[in-house]
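# An overview of the molecular structure
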Protein chains: 2
Amino acid sequence: MKRIAILGSTGSIGSSTLKVIRRHPDRFKAVALAANSNIDELLLQVKEFSPESVCVIDEKAAARFALRIKNKGIKLYPGKQGLKELISCTGIDRMVLAITGSSALEPLLTAIERKIDVALANKEALVMAGSIIMGKARRHNVRILPIDSEQSAIWQCLAKEDKRALKRIYLTASGGPFRKTSRSLFKKIELKQVLKHPRWNMGRKITVDSATLMNKGFELLEAMALFDLSSDKVSILIHPEAICHSMVEFNDGVVMAQLSATDMRIPIQYALTFPDRLESGFSGIDFCALKSLNFEKPDFKKFPCLGLSLKAARMLGTMPAVLNAANEIAVNEFLAGNLRFFLIPDIVRTVMNRHKNIINPSLAQILAADAWAKQQTAAVIGKL
Amino acid sequence: MKRIAILGSTGSIGSSTLKVIRRHPDRFKAVALAANSNIDELLLQVKEFSPESVCVIDEKAAARFALRIKNKGIKLYPGKQGLKELISCTGIDRMVLAITGSSALEPLLTAIERKIDVALANKEALVMAGSIIMGKARRHNVRILPIDSEQSAIWQCLAKEDKRALKRIYLTASGGPFRKTSRSLFKKIELKQVLKHPRWNMGRKITVDSATLMNKGFELLEAMALFDLSSDKVSILIHPEAICHSMVEFNDGVVMAQLSATDMRIPIQYALTFPDRLESGFSGIDFCALKSLNFEKPDFKKFPCLGLSLKAARMLGTMPAVLNAANEIAVNEFLAGNLRFFLIPDIVRTVMNRHKNIINPSLAQILAADAWAKQQTAAVIGKL
C-alpha cells in the first residue's frame, strides 16, 4: 500500500488523482490532502478518503474548515507553514504536487529534503528553478516523476535507454483552440473561446497557457530540466489529435512514441505505479477509427509565446522565472477580464526585455526575479 | 569487438549487415560468412572483410569457390555439414541468420545449442517451429534478437516493461503494392508488378509474401513465438507509410510505438548493438514533411493469406509449418512463371485443408509436415 499525499487535491489534477486512488484502493491510500480554499470540495474528499492529515493553505478558509470538519481524528495543518509540517510529519511514500503557479516551489523543495518522491504536475517550479530542483533531487536521491502528459511520454520513451543515445525530443502540442484561427483575428479573441480547449479538460490557468502555446514553452523548459537537455535538443511539433504525447529520437534514427487517450488519469496513474503499470479502465486507441495522426510546424508568428519561451530556454538563469511570473500575472489579469488575450505575449516580452538576466542564480535570486517580474507586470498592465 | 557470423551474406539482409559492420569497424568483425551459391559476390565480400571462415552451402558452388579463393588462410566449410561446423568452430559472439526459407531451421538450432545469440532475419524457422526454438533458446539461455523491422519494433516497445502489463500488439503492414488495387483486378497481376514493393527493397521471396500479405501472417506467428503470445493478442493494422513499424498497448491504455526510416540497416544494427544503440547515419523522421501517419483495417477478402495465417495461428501444431511450406513452393512456382499470383492463397488453402494437424509436435513431426506439404503443393500445382 503506497501512502499518497495530494497537494492541490480540489483542482483538476487533484481530483483525477483521487479517481485513480478510488480505482485502486488495494494499492494506494490518500493519507494527506491539501487545498488552497475550496473547503466544500475538500470536506467531501475528506469524508470519502479519510486522510490522516489535511491542510487548507488559505488561513481564513482553514479557520472555516476547522469549524466544519466532523472527523476529529484528522490532523489539521493550516496555512503555508502547516503545509510544510504536513509534508514533514505524515509519512508519505509519494507526493502528488498539483498546486499551480510558483507557490509549488516551496513544498516541492520541502518534499525533496524529506526524501519523498514527487509526482509533479506543477510546471512553474521546474520552469523557474529547474536546475536547482533537479540538482537537489539528485543529491537527496529523490525521484521527480512527471505527471504532465508530454513529460510522462518522454519519460516512458526513454525507459531504460542509455541517455547518451538520445538525439532529440519531439514535444507535441495540440495547437490549442486557435491553431486554425487567422492571425488577423487574434485581437478579437474572448475569454470564453480561450477556455474551450479542443483536446484536454484542464484548469483555467493552464487552459489559457495552452491557447497562447506558452504552456508548450513551459514544457520545453520543464523537459530540459527533467531530462537534463539543452534547448536545441527539443523540437516542438504540432499534432492536433493530441494522441501522441511526445516522442524521443535516438542516435540510430529510431523514434519511440507514446500514445494514449487524452485523460490525465493515465499519466497520473503511471507516476503513482512506476515502475509498474496497472489496469486503468482506459482502452488503447482505435487506430482504424482515428484514421490518421497529423503533424505540422508550429507558427511562431501567431504564437509569440513560443519564441519568448525559446529565448528564455536559451538564456536560462533567472529569465525563465521572469517569463513564468510575467505570464502568471498577465494570465490572471486576462482571466479577471482586465487584459485582452492577444496582449499576453506583449506584456511578457516587455517585462523580459527589462530584466537583467542572472546566470546560475541562487534560489533567493530566482525568487527575487519572480517577485520583481510580478510587480513589473502588474505595473505594465496598470499603465495600459 | 563483437565477432559476427552472417549466414546468407550475399542476400539482401546479409549485404545490409555488412554495411552496418563497414560503418562500425571498431565494434564488429565479420568472422564468418556463409552463402548458398552466389560465389562472385561472396568472393568480393571475402576480399573486403577477410573473415576467418567461409561456407558455400551449395556443394558444386563450393567446389568452384575453392578454386577461385585467393586468401589461403581462410577456412572453407562446404555444404550443409560444413555450415554446422562453421557455426561450431569459429567462435561467434552473435550470428546473423539471414538464410530464407525452412533451411534456416537447422543452423538456428545448432547456434542455440552452441549458446550463440542469434540475430534472426529468417521468418520461416519461427513460423514452423516457434515454440521448439524459443523453448530451446530459453533452456540454453540464448537470446533470439529479431531483425525483422516489425519484431524489432515490438521488442523496442516492450523494452524493460513487465510483460504482464502487455495487452495487445499492433503489427503494422504497409499493405503492399496492391493495397489500392481492386479485388476484381487480382487475376491480372503479373510478376513485375509484384516485385515493385512501394516501401521496402527486399529479396524476391519476401517481396511476393509482402504482396499477398502472407508476410504479415508469418509475422503474426513470429511475434507469437518471440513474445510468447496467443493469436488474439496481435492485431494487424495497415499503415501505408511504413514509418511506424509496430506498437504495443499496455494495460493502462498506453501505446508505445517505434518509428524509423524504412531501411533494414536500422533493425539489423539494433540487433547487433543491443542493449546499446549506435549512431547509424540515418536521421530520424521529418514529421512536418511527412504530415500524417495513416491507419486502416486490413482487407481479409482481398488478401486471403491473412485469414489462412490467422487460422494456422489459432490451430498451431504442425499447421504453421504446412502454411509456410505450401506458400514457399507456391511462391517459388510463381517466381518461376509457373503459377498465377492470385492462385497462391488457393494453393495454400488446398494443402492446409488436406493436412491433419498434430498438436505439440516434435521437430521430426514438423519437418515431416514441411516435407509432406511441399510435395503436396508441387502435386497440386502440377495438376493445374
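Provided above is the structure to which this section pertains.
The structure contained in this document is the topic of the report that follows. (Residues numbered from 1 in each chain as written. Chains lettered and ligands numbered in written order. Predicted model: local features only at pLDDT ≥ 70, side-chain atom pairs only at ≥ 80, totals over all residues. Heavy atoms only, no water.)

## What about the overall build of chain A?
Rules: Going along the chain from the N terminus, every DSSP run of H or I of four or more residues is numbered as a helix, and every run of E of two or more is numbered as a strand. With the radius of gyration taken over C-alpha atoms, the globule rule is written as 2.2 Å times the number of residues to the power 0.38. Residue burial is assigned from relative accessible area. The probe radius is 1.4 Å, only protein chains are included, and a residue is buried under 20% of its type maximum, exposed over 50%, and partly exposed in between. In what follows, residue pairs with any heavy atoms lying within 4.5 Å of each other are defined as contacts. All accessible areas in this document rest on Shrake-Rupley with a 1.4 Å probe, and a residue is counted as covered only by the protein chains that are shown. By the counting rule applied here, Lys and Arg register as positive and Asp and Glu as negative, while His and the ends of each chain are not counted. For charged residues, the charge sits on one atom: NZ in Lys, CZ in Arg, CG in Asp, CD in Glu.
A count of helices and strands for chain A gives 16 helices and 12 strands. Taken over the C-alpha trace, chain A has a radius of gyration of 20 Å; the compact-globule value for 384 residues is 21 Å, and the two agree within 12%. Expressed along its principal axes, the backbone C-alpha trace of chain A runs to roughly 60 × 50 × 40 Å. For chain A, the proportion of its 384 residues judged to be buried stands at 61%. Restricting the contact set of chain A to residue pairs at least 6 apart, pairs at least 24 apart contribute 70%. If you sum the accessible surface of chain A, you get close to 15500 Å²; carbon and sulfur atoms cover 50% of it. Taking the 55 positively charged and 36 negatively charged side chains of chain A as two groups, their mean positions are separated by 4 Å.

## Brief notes about the relation of the copies chain B and chain A
Here the two chain copies are tied together by a rotation about an axis and a shift along that axis. To be explicit about the condition: Residues below a pLDDT of 70 in either copy are left out; the C-alpha atoms of the rest, at least 70 in both, set the least-squares superposition of the copies.
Mapping chain B onto chain A calls for a rotation angle of 180 degrees and an axial translation of 0.0 Å; the resulting RMSD is 0.0 Å. Expressed as an axis order, the relation between the two copies is that of a two-fold axis. The residues that chain B uses at the interface reappear at the interface of chain A in 100% of cases, marking a shared surface.

## Re the packing of helix α5 (residues 105-113) of chain A against helix α6 (residues 124-139) of chain A
Two quantities define a packed helix pair, namely the angle between the helix axes and the distance between the axes. All names here are of chain A. Short version of the rule: Only the stretch in contact is used when fitting a helix axis, every axis being a line fitted to C-alpha atoms; angles between N-to-C directions are given from 0 to 180 degrees. An angle below 35 degrees is treated as roughly parallel, one above 145 as roughly antiparallel, one from 65 to 115 as roughly perpendicular, and anything else as oblique. Charged means Asp, Glu, Lys or Arg here, nonpolar means Ala, Val, Leu, Ile, Met, Phe, Trp, Tyr, Cys or Pro, and polar covers whatever is left, Gly included.
Put simply, α5 and α6 touch, their axes get as near as 11 Å, and they point 10 degrees apart. Classified by the angle between their axes, α5 and α6 sit roughly parallel to one another. Listed contacts from α6 to Leu 105, Leu 108, Leu 109, Ile 112 and Glu 113 of α5 are Ala 125, Met 128, Ala 129, Ile 133, Lys 136 and Ala 137. The residue makeup of the contact of α5 with α6, split by class, is 9 nonpolar, no polar and 2 charged.

## Quick notes on the interface of chain B and chain A
Heads up, the rule is: The quantity reported as buried area is the accessible area (1.4 Å probe) lost by two parts once they are put together, taken as the sum for both. Any Lys or Arg side-chain nitrogen located within 4 Å of an Asp or Glu carboxyl oxygen qualifies as a salt bridge.
Contact residues are listed per partner, giving 42 residues for chain B and 42 residues for chain A. Taken over both partners, the interface formed by chain B and chain A buries close to 3500 Å², and the fraction arising from carbon and sulfur atoms is 57%. Of all residues in chain B, B:Asp252, B:Arg277 and B:Phe287 bury the most surface against chain A, accounting for 20% of the area lost on that side. Inspection of the region where chain B meets chain A yields 4 salt bridges.

## Digging into the sheet that holds strand β3 (residues 53-56) of chain A
Residue and element names in this part refer to chain A. Rules: Following DSSP output, two strands are said to pair if at least two bridges run between them.
Here we have 7 strands laid out as an open sheet, ordered β4-β3-β2-β1-β5-β6-β7, and parallel in their pairing. Both edges of this open sheet fall to β4 (75-78) and β7 (144-146), since each of them pairs with a single strand only. Adjacent strand axes in the sheet meet at a mean angle of 25 degrees, parallel and antiparallel pairs treated alike. Helix α2 (residues 39-49) contacts β2 (28-35) and β3 of the sheet and is inclined by roughly 160 degrees relative to β2.

## Looking at the pairing of β3(A)
Residue and element names in this part refer to chain A. Cut-off, in case you're wondering: Orienting the strands away from the viewer, one traces the path from the first strand over the helix to the second; a clockwise path indicates a right-handed crossover.
Burial of the side chains of β3 extends over both faces: Ser 53 and Cys 55 are buried on one face and Val 54 and Val 56 on the other. In terms of strand pairing, β2 meets β3 through 4 bridges, oriented parallel. Looking across to β3, one finds that Leu 33 is bridged to Val 54. You can see the chain leave β2, run along α2 and come back into β3, and the turn it takes is right-handed. Two elements, β3 and β4, share 4 bridges in a ladder whose sense is parallel. Paired with Cys 55 across the strands is Tyr 77, a residue of β4. The β-α-β motif built from β3, the intervening helix α3 (residues 59-68) and the parallel element β4 has right-handed crossover chirality.

Purely geometric numbers; function is a separate question.
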